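Secondary and tertiary structure notes
The chain contents come next:
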Amino acid sequence: MTMPSTALTSRLFEPARLGALHLPNRLVMAPMTRNRASADGVPQLIMATYYAQRASAGLIIAEATTPNAVGQTYPDIPAIYTDAHVAGWRRVTGEVRAAGGTMFLQLQHGGRIGHPDTTGLMPVAPSPVAFPDPIVTPAGSRPGVVPREMTVAEIRSTVADFAAAARRAIDAGFEGVEVHGANGYLIHQFLSDVTNHRADAYGGSVTGRIRFAIEVVEAVADAIGPARVGLRIAPGVTANAMREHDIEHVYPALIGALANKGLAYLHIVFADPTQPLFRRIRRDWPSTLIANPALPWPTPFPADGGRHAGERLLAAGADLISLGRAFLANPDLVERFRRGAPLNPVRAEHWYGGGELGYTDYPLLTAPAGPAPFDWR
Ligand SMILES: Cc1cc2nc3c(=O)[nH]c(=O)nc-3n(C[C@H](O)[C@H](O)[C@H](O)COP(=O)(O)O)c2cc1C
C-alpha cells in the first residue's frame, strides 16, 4: 500500500547532505532578485532581515549578484567585487547564521542583459545579438541594446572575475556559490546557438559553446573548492528572450564534462519529471540535484506553493526542491508545509525594488508576542 504524503511522511522534511554540509530539510529558497541593494551594489541591512526571516529553509541561495561592473543587469542588484560589497554581505550571512540558516550566493553576469544607463558601460556578450526586450534602468524602461562581442582576453578576465567573486563570497561568510548558467544571462548566452555565433573556440560546435560555462565552473571550483560550488541551468527555458535549438546535445555534454569534478550540486529551473532530458540529467549527474518545479508562470500561483510538484520531483530522483515565490511570500514556509497551513498570497507588485513593503512584512503563521524579532528600528 502506498502511504499518502502527509506532513509527517513527506520526504521534504528529511535531512540531506550537500557537499560537506548537513541540511535540516530538503526545501531550498531559490535565488530571487529583489533590487534592494544600494546603487553601487552594497547589500543593505533590510536584506539581512529578509534572509534571516527565511533561515528555516534547508538552504538559501541568495539572489543574483554581479561579479564585475559590466555584468550588472538591473539597478540596485547586489555585487561582490569590492571590500564594501563583502562587508555588506557579511552582515547578511551573520544574521542568517545566527538564525540557524545556511546560505550560498548566486553569481550572475548579465551579458547582453544590461544597459549603459545602469552601468555606464556597453554590455558584453558572446556575439552582438540584440536583447530584443525592454530593460529596466535607473531612468525607467529602455529598449535592449546590441552588446559588444567579448574578446578572448575579456572572456579570460571574466572567468577570473567569477573566481575572485567566489573567493569574496566565502570571505563574506557564504558556504558556497551557485554559478548562474540559466535564464538567458551570460553563461546561457554562450550555450545557445541563437545568441552565440562565435567562430573561435568559444562558439560553433556544442564543445565550443559549453567551453565558457566549464571554464567558469572550473575556475570557481579551483578558487573555493568544488564541494562549495553549484551550477544552475535552464535547458530550453525561454526567460529573457532566450532560445535554444539543441538542448538534447548541449546539456548532456555540459553535464558530462562537469560530472567528475566533485561539485556540490546541479540546479535545474522549471524541472519537469516527465521530460526525457530531466531523466537523463538525473542519471548522468552523480551528486545532489536541486529541482525547481515547473509551476504556472507568472500566474496562477498554485495554492500549495509548489509542494506537490516538488514531491513529484523528489520521487523522480531530485534530492532537494527549490521554491521561489512560496519562500518570497512565506518566511516560515517550512513550518507552514509541516502543519499543512495556508500560504500568504504573493504580492508581485513589490518583487523588484522598494523597501519593507512586500519584502520583510509577510506575516508569520502566528504573530510573535512582544517586539517583532527582526525589527531593526
Ligand atoms: C522576484 C523573482 C526574482 C527572481 N530572481 C532570480 C535570480 O536572481 N536568479 C535566478 O536564477 N532566478 C530568479 N528567479 C527565478 C526563481 O529562482 C525561480 O526559478 C522561479 O521563481 C520559479 O520558482 P517558483 O515557481 O517556485 O517561484 C526569480 C523569481 C522571482 C519571482
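This text goes with the structure placed above it.
Cut-offs used in this document
Residues numbered from 1 in each chain as written. Predicted model: local features only at pLDDT ≥ 70, side-chain atom pairs only at ≥ 80, totals over all residues. Heavy atoms only, no water. Helix = DSSP H or I, 4+ residues; strand = E, 2+ residues; numbered from the N terminus. Rg over C-alpha atoms; globule rule 2.2 N^0.38 Å. Contact = heavy atoms within 4.5 Å. Areas by Shrake-Rupley, 256 points an atom, 1.4 Å probe, with all protein chains shown as cover. Lys, Arg positive; Asp, Glu negative; His and termini not counted. Charge placed at Lys NZ, Arg CZ, Asp CG, Glu CD. Phe/Tyr/Trp six-rings, centres within 6.5 Å; stacked < 30°, edge-to-face > 60°. Buried < 20%, exposed > 50% of the residue type's maximum accessible area, 1.4 Å probe, protein only. Lys NZ or Arg CZ within 6 Å of the ring centre and 35° of its normal. Pairing = 2+ DSSP bridges. Right-handed = clockwise from strand over helix to strand, strands pointing away. Axes fitted to C-alpha atoms, helices over the stretch in contact; angles between N-to-C directions. Parallel < 35°, antiparallel > 145°, perpendicular 65-115°, else oblique. Left-handed = near helix turned anticlockwise from the far one by under 90°. Nonpolar A, V, L, I, M, F, W, Y, C, P; charged D, E, K, R; others polar.

Right, let's talk about the overall build of the protein for a bit. Of the regular secondary structure elements, the protein holds 12 helices and 14 strands. Rg of the C-alpha trace for the protein: 20 Å, near the compact-globule value of 21 Å for 377 residues, within the 12% margin. Across the protein, contacts joining residues at least 24 apart in sequence account for 70% of those joining residues at least 6 apart. For the protein, the exposed surface amounts to about 14700 Å²; the carbon and sulfur share of it is 57%. When the 34 positive and 33 negative side-chain charges of the protein are each reduced to one mean point, those points stand 4 Å apart.

This part covers the packing of aromatic side chains. Counted by the stated rule, this structure contains 8 aromatic pairs. Seen from their ring centres, Tyr-50 and Tyr-51 are 4.8 Å apart, and the 65° between their planes marks the pair as edge-to-face. Exposure remark for Tyr-50: the relative accessible area of 0% places this residue in the buried category. On the basis of relative accessible area, Tyr-51 is assigned to the buried category, the value being 1%. Pairwise contacts between aromatic rings join Phe-270, Trp-297, Trp-351 and Tyr-352 into one cluster. Over the aromatic face of Tyr-362 sits the side chain of Arg-347, whose NZ or CZ is 4.6 Å from the ring centroid.

The next subject is the pairing of strand S12 (residues 265–271). In terms of burial, S12 is a largely internal element, 6 of the 7 residues being buried. Bridge count between strand S11 (residues 229–233) and S12: 4 bridges; the pairing is parallel. Residue Arg-232 lies in a different strand from S12, and its bridge partner there is His-267. Each parallel crossover has a hand, and for S11 linked through helix H8 (residues 247–258) to S12 it is right-handed. By the bridge criterion, 5 bridges tie S12 to strand S13 (residues 288–293) in an arrangement that is parallel. If you follow Tyr-265 over to S13, its bridge partner there is Thr-288. Where the polypeptide runs from S12 across helix H9 (residues 276–284) and back to S13, its parallel neighbour, the crossover connection is right-handed.

This paragraph deals with the packing of helix H7 (residues 211–224) against H8. Where H7 meets H8, the closest approach of the two axes is 10 Å, and the angle between their N-to-C directions is 25°. Between H7 and H8, the angle falls in the class roughly parallel. Considering the relative orientation of H7 and H8, their crossing is right-handed. Within the contact between the two elements, H7 uses Ala-213, Ile-214 and Val-217 and H8 uses Leu-254, Ala-257 and Leu-258. Here the residues of the contact of H7 with H8 are counted per class, giving 6 nonpolar, no polar and no charged.

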